[in-house]
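The chain contents come next:
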Amino acid sequence: MSLTKKPETRPAAASWGMSARGKVPWEYAPAPESTDHITIRPEYGLFIDNEFKPSRPKATFTVINPATEEPLAKVARASRADVGRAVTAARRAYKTTWSRLPGSERAKYLYRIARILQERSREFAVLETMNSGKPIKESRDVDVPLAAAHFFYYAGWADKLDYAFPGRTPRPLGVAAQVIPWNFPLMMLAWKIAPALAAGNTVILKPASTTPLTAYLFADVVRQADLPPGVVNIITGPGEIGMELVTHPDVNKVAFTGSTAVGKMIARAVSGSHKKLTLELGGKAANIVFDDAPLDQAIEGIINGIYFNQGEVCCAGSRLFAQESVYEPLLDKLKARLSTLRVGDPLDKNTDVGAINSAGQLAKVQELVQSGIEEGAEIFQPDCVLPDKGFFFRPTLFTGVSQSHRIAQEEIFGPVLSVLTFRTPEEAIEKANNTPYGLSAGVWTEKGSRIFKMVNAMRAGVVWANTFNRFDPTSPFGGYKESGYGREGGLHGLGAYLDLSPNETNGRNGR
Amino acid sequence: MSPAARRPAAAKTTTARRRASTLDDRQPAPLAATDGTDRLGVRKTYKLYIGGEFPRTESGRAYEVLDVRGRLLANACRGTRKDIRDAARAARKAFPGWAARTAYNRSQILYRIAELMEGRREQFTGEVIAAEGVGRQRATRLVNAAIDRWVWYAGWADKYGQILGTVNPVNGSYFNFSVPEPTGVVGLIAPESSSLLGLVSRLAPIIVSGNAAIVIASEARPLPAVTLTEVLATSDVPGGVVNLITGLRRELVQHLAGHMDVNGLDAFGLDPAQGAAIEELAVENVKRLVRPPASGSDEVDWLSQRSQSPYLIGEFVETKTVWHPIGA
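Along every chain, residues carry numbers that run from 1 in the direction the sequence is written. Chains and ligands are labelled sequentially in the order written, the chains with letters from A and the ligands with numbers from 1. pLDDT decides what is reported in this predicted model: residues at 70 or higher carry local features, side-chain atom pairs at 80 or more are listed and counted, and totals for whole chains, interfaces and linings draw on all residues regardless.

*Asks:* Would you mind going over the overall build of chain B with me for this structure?
*Replies:* Where helices and strands are cited, they refer to DSSP runs of H or I of at least four residues and of E of at least two residues respectively, numbered from the N terminus. Helix and strand counts for chain B come out as twelve helices and ten strands. When each of the 328 residues of chain B is scored for burial, the buried share is 53%. Sequence-distant contacts in chain B: of pairs separated by 6 or more residues, those separated by 24 or more amount to 76%. With C-beta atoms placed from the backbone, a residue is labelled by how many other C-beta atoms lie within 10 Å of its own: buried for 20 or more, exposed for 12 or fewer, partly exposed between the two. By definition, residues are in contact whenever their C-beta atoms, placed on the basis of the backbone, come within 7 Å of each other.

Structure (structure tokens):
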């Protein structure tokens with residue numbers, strides 16, 4: 001079988017004119033995205049009732065650009081009392097305006113938001129990149145378009161709720177508290193706010209402390225769209241403030257995206273309440289490549305799977321399972337491809353891998369990579385020049401990884417791939433599912449029946465077959481096991497923001 | 001609401017009180033198998049149901065099950081943490097095979113449960129009268145409804161996926177669909193007052209999708225549940241798909257809620273006062289949780305159509321979304 005033959009003596013990398021570990025033999029001219037149209041205020045207050053208000057007592061913290069370590073702005077640090085003010089505003093808006101609007105009117109507000117995001121897309125993309133460190137080509141081509149698409153999709157549901165859940169009359173839940181991470185700041189905002197508003201809820205969103213700037217720019221979209229005051233409120237502060245928010249007694253719905261550890265803390269904190277809770281937590285996805293896979297496509301899928309957004313993706317394909325018969329050619333191609341990734345200035349339009357979001361996250365990645373070396377795995381990193389400043393990390397892969405290594409067990413949330421091998425589909429299934437997580441998985445094979453065998457066997461909420469890291473507002477996303485519960489996107493994501501218990505016409509009891 | 005349902009929850013009954021009541025100071029028990037002749041009845045030993053077998057509890061201990069008038073009905077097994085552990089192991093073993101059955105096959109097996117219950121209607125009616133203190137007419141309605149509920153859920157086995165699944169028109173050249181799959185091993189804290197219909201109403205939607213269940217039976221009224229397991233054992237339900245533990249809730253519930261190999265917990269039958277503590281235990285492995293209603297499950301009208309719903313099946317399924325490119 002041709003696929004099991006020895007790898008060619010000439011490394012595949014030769015086709016790009018370089019050796020597997022060599023440097024790119026030419027220089028790229030810089031292609032920086034312009035930032036002169038971006039206005040960042042020196043200081044942002046909390047966005048409550050459609051106004052920026054300083055926190056009480058007044059306190060701020062500084063937000064930086066992780067690629068330069070330069071400060072970008074100061075933002076308000078909310079107090080417990082501020083959380084109360086935001087919840088009060090959201091409750092008032094829920095009672096007096098938002099829940100009373102016909103769905104068709106809510107829909108039009110959401111369409112407006114989608115349109116404004118499209119109109120101001122470059123502004124959002126550049127600011128997102130400045131604040132998060134992600135490459136401009138990703139914020140421009142993925143994050144911002146998907147955020148707008150999410151609003152556009154859920155806008156259409158707002159006046160069609162009665163058709164969504166047969167036998168039930170959906171009702172909004174009330175006030176939703178939403179806590180989001182720093183890896184896709186605007187996109188996560190859209191995933192949270194769009195379905196919540198479509199369903200008739202009002203929201204208080206807490207962006208991550210390191211990445212609040214696109215959320216505060218979104219506040220300006222709320223203003224432009226003439227959304228009634230209090231429907232969308234945005235507050236910033238440390239984790240304790242997020243906990244204050246989700247445990248506030250007047251909050252009816254809690255949605256959290258972030259680490260499994262924090263997700264469990266939140267779930268404990270709301271225990272015994274009647275808050276509806278959805279959690280989208282960590283992952284350690286298996287990306288399984290069979291020997292009949294289209295190898296070049298698989299290579300692109302593997303690269304996209306783990307180096308997209310510096311690997312700071314909950315569904316990243318961080319464990320590569322290569323069938324033994326294809327391991328060597330796959331690894332050669334992978335190393336060669338890795339060497340072509342451009343690491344550096346996130347604002348450069350040719351950059352593939354930008355900056356890690358924070359010094360803390362960089363330290364975590366470094367620590368886990370060190371553990372991989374110490375536990376005996378073999379490290380490979382391409383020779384690329386990293387900028388002098390900023391939180392950068394070379395795209396990394398480990399071979400000789402065993403199931404028990406920390407780099408095969410723990411979520412690294414960085415550009416680090418662990419390569420493992422398998423012989424039979426059963427072995428791949430066993431190893432892939434051997435994790436407390438269950439967010440996503442990938443399968444690469446040309447054999448249709450095998451795709452479905454693997455797809456069925458993966459205990460994961462999203463399975464990409466012959467592709468990876470695709471997202472769409474119509475497509476439900478979320479985890480099995482300790483990767484959380486509830487779905488975002490599609491009809492399922494809508495249900496997460498509705499009270500679907502039987503009402504007077506279809507029952508008081510039961511559920 | 002029957003008077004029986006209003007009686008204080010058995011969890012509050014102290015062991016001391018149980019010990020004080022002896023066989024001598026009570027009327028003959030309704031289940032004591034006297035048939036009006038001189039013949040001495042043969043009583044049944046009520047046992048646990050784990051992995052398709054009927055073991056006694058590893059504790060070797062029992063507690064007295066009384067009827068609403070305080071007469072002895074039987075000794076029930078006083079199950080323990082270790083029994084729950086055994087049940088979890090049996091359920092985990094049974095889960096993949098049950099989940100892999102075709103929907104048509106699961107549908108027929110649930111229907112088979114109804115068929116076999118139908119043949120035991122008299123026995124179930126007698127046990128429900130004894131357990132719940134209701135009249136024959138009401139007990140008959142409750143048993144009929146329990147049988148009909150199996151039939152109703154049997155029909156959902158090959159349909160709920162068409163209600164809860166979707167094909168998603170993504171913005172790109174991909175075929176994308178979402179299907180519900182069973183969550184895995186699901187714990188069920190059975191309603192305390194509705195000994196049979198309440199249990200069936202919660203159990204059927206858990207197993208119809210392919211989950212395996214570990215049931216903690218009603219503490220004060222466990223006997224109809226035990227008899228139900230005898231039906232399950234002969235209905236082609238594979239061993240381990242349903243496991244039943246009887247015993248004292250205060251000794252059992254926390255071990256089920258905290259078990260790391262249990263993926264979901266239907267706490268609908270839990271005393272709401274215990275809700276927070278039990279929910280905290282369930283968080284450790286991110287269990288899917290159905291909370292008890294604020295007023296407790298004793299007030300639920302189980303005969304109502306509202307007590308059955310495909311959305312209940314949805315409480316313990318996971319949505320899996322699959323992407324594949326479209327191309328030549």
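*Asks:* Just checking my understanding: could you explain the interface of chain A and chain B for this structure?
*Replies:* Often, the extent of an interface is quoted as the loss of accessible area upon association of its parts. Tallying the contact residues gives 41 residues for chain A and 35 residues for chain B. For the side of chain A that touches chain B, the elements supplying multiple residues, two or more each, are α8 (260-269), β18 (462-465), β19 (484-485) and α15 (490-495) of chain A. No other element matches β18 of chain A, which puts four residues into the side of chain A that touches chain B. The nonpolar class holds Ala, Val, Leu, Ile, Met, Phe, Trp, Tyr, Cys and Pro. Asp, Glu, Lys and Arg form the charged class, and all remaining residues, Gly among them, are polar. Residue composition of the side of chain A that touches chain B, grouped by class: 16 nonpolar, 16 polar and nine charged. Note on pairing: DSSP must find at least two bridges between two strands before they are called paired. Here β18 of chain A pairs with strand β10 (residues 317-325) of chain B via three bridges, running parallel. The residue of β10 of chain B that forms the bridge with W464 of chain A is W323 of chain B.

*Asks:* Mind showing me how you'd approach the sheet that holds strand β15 (residues 396-399) of chain A here?
*Replies:* Whether parallel or antiparallel, the strands of a sheet pair through hydrogen bonds between backbone atoms. Sheet architecture is open: ten strands sit in the order β14(A)-β15(A)-β16(A)-β13(A)-β12(A)-β17(A)-β18(A)-β10(B)-β4(B)-β3(B), paired in mixed fashion. The open sheet has two edge strands with one neighbour each: β14 (378-380) of chain A together with β3 (166-167) of chain B. Here helix α10 (residues 327-338) of chain A sits on the sheet in contact with β12 (286-289), β13 (319-323), β14, β15 and β16 (416-422) of chain A, set at roughly 160° to β15 of chain A. Each axis is a line fitted through C-alpha atoms, taken for helices only over the stretch in contact, and angles between the N-to-C directions span 0 to 180 degrees.

*Asks:* Just to check I follow, could you spell out helix α7 (residues 239-247) of chain A for this structure?
*Replies:* Residues lying three or four places apart along an α-helix face the same way, a consequence of the helix completing one turn every 3.6 residues. Taken as a whole, α7 of chain A has its buried residues at I241, G242, E244, L245 and V246 of chain A. Packing partners of the buried residues in α7 of chain A comprise α1 (80-96), β7 (175-179), β8 (202-206), β10 (253-257) and α8 of chain A.

*Asks:* Please explain the environment of S139 of chain A as it appears in this structure.
*Replies:* Residues and elements named next belong to chain A. If you trace the backbone, S139 turns up in helix α4 (residues 136-157). Residue S139 is classed as buried on the basis of its 33 C-beta neighbours within 10 Å. Considered as a pair, S139 and L186 are 47 residues apart in the sequence and their alpha carbons are 9.2 Å apart. Leave out the neighbours within four places in its chain, and S139 touches A125, E128, T129, K134 and V144.

*Asks:* I'm lost on the nonpolar core in this one. Help?
*Replies:* It is characteristic of soluble globular proteins that their nonpolar side chains tend to be buried jointly. Membership of the largest hydrophobic core comes to 197 residues, with the highest contact counts inside it found for L110 and F151 of chain A together with A213, I214 and V215 of chain B. Beyond its immediate sequence surroundings of up to four residues, V215 of chain B is in contact with L188, A190, L203, A225, V242, N243, L244 and I245 of chain B. By our criterion, buried Ala, Val, Leu, Ile, Met, Phe, Trp, Tyr and Cys residues that link up through C-beta atoms within 7 Å make up a nonpolar core. With 71 residues, the next largest nonpolar core counts I303, V369 and L420 of chain A together with Y174 of chain B among its residues.

*Asks:* How do you make sense of the packing of helix α3 (residues 121-132) of chain A against helix α6 (residues 213-224) of chain A when you look at a structure like this?
*Replies:* In helix packing, the relevant descriptors are the interaxial angle and the interaxial distance, both defined with respect to the helix axes. Residues and elements named next belong to chain A. Orientation of α3 relative to α6, taken along the N-to-C sense of each, is 155°, at an axis distance of 9 Å. Looking at the two axes, α3 sits roughly antiparallel to α6. For the pair α3 and α6, the contacting residues are F124, L127, E128 and N131 in the first and L213, T214 and L217 in the second. Of the residues that constitute the contact of α3 with α6, the class distribution is four nonpolar, two polar and one charged. If an angle is under 35 degrees, it is roughly parallel; if it is over 145, roughly antiparallel; if it lies from 65 to 115, roughly perpendicular; otherwise it is oblique.

*Asks:* What am I meant to see in the sheet that holds strand β9 (residues 288-290) of chain B here?
*Replies:* Residue and element names in this part refer to chain B. In spatial order, the strands read β7-β6-β5-β8-β9; together these five strands make up an open sheet with parallel pairing. In this open sheet, the two edge strands, each paired with only one partner strand, are β7 (242-245) and β9. Across the sheet, the mean angle separating the axes of adjacent strands is 15° when strand polarity is ignored. Strands in contact with helix α10 (residues 249-258) are β5 (185-189), β6 (212-216), β7 and β8 (264-266); relative to β6, the strand with the most contacts, it is inclined by about 155°.

*Asks:* Explanation requested: the confidence of the model for chain A in the structure shown.
*Replies:* For any part of a model where pLDDT is low, the fine detail of the predicted coordinates should not be relied upon. Residues and elements named next belong to chain A. Averaged over every residue, the pLDDT of chain A is 94; residues scoring 70 or more account for 93%. Per-residue confidence from the predictor is reported as pLDDT, a score between 0 and 100. With pLDDT under 50 throughout, residues 1-20 is counted as low confidence; its partners more than four residues away or in other chains account for 32 contacts. Predicted confidence for residues 504-511 stays below pLDDT 50, and this span has 24 contacts to residues more than four positions away or in other chains.

*Asks:* Looking at this structure, how should I read the packing of α10 of chain B against helix α11 (residues 275-283) of chain B?
*Replies:* Residue and element names in this part refer to chain B. Viewed as axis vectors pointing N to C, α10 and α11 meet at an angle of 35°, and their least axial separation amounts to 7 Å. Between α10 and α11, the residues in contact are V253, Q254, A257 and G258 and I278, L281 and A282, respectively. Here the contact of α10 with α11 is built from residues that sort into five nonpolar, two polar and no charged.

*Asks:* What should I look at first to understand the pairing of strand β5 (residues 71-76) of chain A in this one?
*Replies:* Residues and elements named next belong to chain A. In this structure, strand β1 (residues 43-44) lies alongside β5, joined through two bridges in parallel fashion. Among the inter-strand pairings, Y44 is bridged to a residue of β5, identified as V75. Note: strand β4 (residues 60-64) against β5, five bridges, orientation antiparallel. If you follow T60 over to β5, its bridge partner there is A76. What sits between the antiparallel neighbours β4 and β5 is a turn of six residues, in which E69 has the positive phi angle 65°.

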